[in-house]
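An overview of the molecular structure
Below are the chains, spelled out letter by letter.
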Amino acid sequence: MASFDYPPTMYAWRKHKGNSSPVWEEVPVPDTPPEGLLIKLLASGVCHSDQPLLDVEDRPNFNEKYILGHEGCGEIINIGSRVKDVRFKLGHRVALLAVPGCGLDNCSECSRDLPQLCADGVHHGIGQDGFYAQYVAVDIRAAIPLPSGIPPGVAAVATDAVTTAYHGITRRAEVKKDETVFLFGLGGLGFNALQIVRAIGARVIVSDLRQEKLDSALKIGVPATDIVPIGKSVQDFIQESGLRGKIDTVLEFVGKHQTFQDAQKIVRPGGKILCVGTLDRTNELDMKMGIRKRLSIIFTYGGQYQDIVEVLDLIANGVISPQVEMGRLQDFPEVLKVLGEGNIKDRIALVFDTEEA
Ligand SMILES: [Zn+2]
Ligand SMILES: [Zn+2]
């Protein structure tokens, strides 16, 4: 099959073992895998976890040098010789799944529909080559055809920040339309969670320490009476709003001692707590209360191919609109610094600036 033209080398940001600063360097454009695609990247989302990835050393399956970036979207420029899937055509755009799993039937994770936990499959941008580059080679299990009308930056960010929230809410906590949900945290993931819960049709009460986040919630239609005012105790708010014993599910997108304690107190008997945020590394569980209330404490991690398909569909239909700024790939270290300082409003995606190659 014909391919589009591409150069023999490209620029990329790589993590070198022993160095916590990313290195901008010229590397070969990867070969097209027989079962996969060569992708020209159109956007790569910057994630808070890029910094810990730069800091970690000695993790199993991490290459000595690898290209960072685990939220990607690009254009197909070459198709592997054994790819029969007609959904993939030259010039078409795809969103990229960073951790597609090995896909083997005898894999204990992939065979149970848990590819995000598979240790054997590729981990793009997490120890193996990812998306802060001009090109990337992927297996077709990592490529999701992009519905028309979705900008590459939005698609890239959707694969991580939106999909993690979506997977947790729909497949783990299984939030349903007739539920009342309490959401802690309206940050990068939490604000997407808010839109997903509203799309499901459940009532959602929100809490955040930042007034501008609460204002944004109000702006997209959360009634003022369902927003916990800053400075108000969550437990008092629940009591005074007549919501005691009525919170079916708590979405914990913060994970601090206070919020996790509040979560256990406010959730109804038989209710669920979905754990996503990890601002405090360890939290306390009141065993007696958990047992008496017969609580389900649920953890979630990442998302899967089908989650991204559904998320892109929701975005294409205007149900969720992730906010994304665009920047230059060349500026990644500065962008990461600004993100770490909390000075990027939502998410940011980068693209290689050819003017300055
Ligand atoms: Zn991430
Ligand atoms: Zn596997």
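Bear in mind that the values here come from a model prediction, so they are computed numbers and not experimental data. (Residues numbered from 1 in each chain as written. Chains lettered and ligands numbered in written order. Predicted model: local features only at pLDDT ≥ 70, side-chain atom pairs only at ≥ 80, totals over all residues. Heavy atoms only, no water.)

1. Comments concerning the overall build of the chain
Heads up, the condition is: Counting from the N terminus, the helices are DSSP H or I runs at least four residues long and the strands are E runs at least two residues long. The atom set for the radius of gyration is the C-alpha atoms, and the globule formula is 2.2 Å times the number of residues raised to the power 0.38. Each residue's exposure class comes from its accessible area (1.4 Å probe, protein chains only) as a fraction of the maximum for that residue type: buried when under 20%, exposed when over 50%, partly exposed otherwise. Should any heavy atoms of two residues lie within 4.5 Å, those residues are considered in contact. Accessible areas in this description were obtained via Shrake-Rupley with a 1.4 Å probe; residue shielding takes into account the shown protein chains only. Neither His nor the chain ends contribute to the count of charged residues, in which Lys and Arg are positive and Asp and Glu negative. Every charge is mapped to an atom, namely NZ of Lys, CZ of Arg, CG of Asp or CD of Glu.
Across its full length, the chain carries nine helices and 15 strands. Taking 21 Å as the expected radius of gyration for a compact globule of 357 residues, we find that the chain reaches 21 Å, a close match to that expectation. In terms of principal-axis extent, the alpha carbons of the chain reach across some 65 × 45 × 40 Å. Here the chain holds 357 residues, and 51% of them are scored as buried. Counting contacts in the chain only where the partners sit at least 6 residues apart, residues at least 24 apart contribute 69% of the total. Carbon and sulfur atoms form 51% of the exposed surface of the chain, whose accessible area is close to 16900 Å². Averaged over its 38 positive side-chain charges, the chain has a centre that lies 7 Å from the centre of its 46 negative ones.

2. Observations concerning the UniProt feature "domain: Enoyl reductase (ER)" (unreviewed entry) in the chain
Keep this limit in mind: UniProt positions are given in the numbering used here, feature names are shortened, and annotations may be inferred rather than shown by experiment.
Residues annotated in UniProt with the feature "domain: Enoyl reductase (ER)" (unreviewed entry) correspond here to residues 18-350. A helix fraction of 28% and a strand fraction of 23% characterise residues 18-350, whose end C-alpha atoms lie 25 Å from each other.

3. Things to note about helix α6 (residues 257-266)
Inspection of α6 places T259, F260, D262, A263, Q264 and I266 among the buried residues, and these make up the whole buried set. The inward-facing, buried residues of α6 contact β9 (180-184), α5 (234-240), β11 (247-252), β12 (267-275), α7 (287-292) and β13 (296-299).

4. What to know about the coordination of the zinc ion (ligand 1)
Selection rule: Here a donor is an N, O or S atom found within 2.8 Å of the metal, or within 3.2 Å if the metal is Na, K or Ca; sites may look incomplete because water is not among the atoms.
Protein coordination at the zinc ion (ligand 1) comes from C47 (SG), H70 (NE2) and D160 (OD), with a distance range of 2.0 to 2.2 Å. All donor residues of the zinc ion (ligand 1) come from one chain, and their arrangement in sequence is C-x22-H-x89-D. Here D160 lies in helix α2 (residues 152-172) and H70 lies in the loop between β4 (65-67) and β5 (72-79), a separation of 90 residues in the sequence. When sorted by exposure, H70 lands in the same class as D160, which is buried.

5. Quick look at the coordination of the zinc ion (ligand 2)
For clarity, the cut-off: Square planar and octahedral assignments, for four and six donors respectively, both demand that opposite donors be over 155 degrees apart and that all other angles lie between 65 and 115; tetrahedral needs four donors with all angles between 85 and 135 degrees, and anything else is irregular.
Every protein donor of the zinc ion (ligand 2) is accounted for by C102 (SG), C107 (SG), C110 (SG) and C118 (SG), and the metal-donor separations fall at 2.3 to 2.4 Å. Between the four donor atoms coordinating the zinc ion (ligand 2), the angles at the centre fall across 107 to 114 degrees, so the site counts as tetrahedral. Taken in chain order, the donor set of the zinc ion (ligand 2) reads C-x4-C-x2-C-x7-C. Of this pair, C107 sits in the loop between β6 (93-96) and β7 (135-139) while C118 sits in the loop between β6 and β7; the two residues are 11 residues apart in sequence, bridging distant segments of the chain.

6. Description of the sheet that holds strand β1 (residues 9-16)
As a reminder, the rule being used: Pairing between strands is defined by DSSP: at least two bridges between them are needed. For helices, the fitted line uses only the C-alpha atoms of the stretch in contact; every axis is such a line through C-alpha atoms, and the angle between N-to-C directions lies from 0 to 180 degrees.
The antiparallel open sheet is built from three strands, whose spatial order is β2-β1-β4. Because the sheet does not close on itself, it has two edges, and the strands there are β2 (23-28) and β4. Taken pair by pair, the neighbouring strands of this sheet meet at an average axis angle of 55 degrees, ignoring direction. Relative to β2, β1 is paired through six bridges, and the arrangement is antiparallel. Each residue of the ladder has a partner; that of W13, found in β2, is W24.

7. Examining empty space enclosed by the protein
Where empty space is left can be seen by rolling a probe of water-molecule size over the atoms. What counts is decided by this rule: The way it works is a 1 Å grid over only the protein atoms, where trapped points that fit a 1.4 Å probe form a cavity and open points with protein on both sides within 12 Å along at least five of seven lines form a pocket, and then any residue with an atom within 4 Å of a point lines it. Grid points are joined across faces, edges and corners, and a volume is the space filled by probe spheres set on the points.
Inspection of the entire model under this criterion finds one cavity of 30 Å³ or more. Its volume calculated, the largest cavity comes out at about 40 Å³. L41, L42, A43, S44, A133, Q134, L329, L350, V351 and F352 together form the lining of the largest cavity. Within the residue set of the lining of the largest cavity, elements represented by two or more residues are β3 (36-46) and β15 (347-351). Looking at the lining of the largest cavity element by element, the count peaks at four residues for β3.

8. Quick word on the pattern of salt bridges
Put simply, the rule is: The rule for a salt bridge is simple: a side-chain nitrogen of Lys or Arg has to be within 4 Å of a carboxyl oxygen of Asp or Glu.
Under the definition given, this model contains 19 salt bridges. Put simply, R171, D307 and E310 are held in one network by salt bridges that share partners.

9. Regarding the nonpolar core
Heads up, the rule is: Buried Ala, Val, Leu, Ile, Met, Phe, Trp, Tyr and Cys residues form a nonpolar core when they are joined through side-chain atoms within 4.5 Å. Marked domain ranges trace back to an automatic or database domain assignment.
Residues V46, V138, L183, L194, V206, L251 and L312 are the most contacted members of the largest nonpolar core, which totals 86 residues. Element by element, the count of residues in this core is highest for α2, at eight residues. Each of domain 1 (9-160 + 303-356) and domain 2 (174-299) accounts for three or more of the residues forming this core. Residues within four places of V138 in sequence aside, it is in contact with P33, G36, L37, I39, L96, H124, F131 and A143. Core analysis: the next-biggest nonpolar cluster, separate from the first, contains 18 residues, F184, V234, V254 and C275 among them.

10. Here we look at the side chain of E71
The cut-off we apply is this: Under the rule applied, a polar contact is a pair of N or O atoms within 3.5 Å (in protein, one hydrogen donor and one hydrogen acceptor; residues adjacent in sequence only if both atoms are side-chain atoms).
Relative to the helices and strands, E71 is located in the loop between β4 and β5. Looking at E71, the relative accessible area reads 0%, which means it is buried. At 2.6 Å, the side chain of E71 and the side chain of R347 are in polar contact.

11. Details of the sheet that holds β9
Strand order in the open sheet formed by five strands is β10-β9-β11-β12-β13, with parallel pairing between adjacent strands. Of all the strands in the sheet, the pair left with one neighbour each is β10 (203-207) and β13. Averaged over all pairs of adjacent strands, the angle between their axes in this sheet comes to 20 degrees, without regard to strand direction. The pairing of β11 with β12 spans five bridges and is parallel. The partner of E252 across the bridge, within β12, is C275. Each of β11, β12 and β13 is contacted by α2, which is oriented at about 150 degrees to β12, the strand it contacts most.

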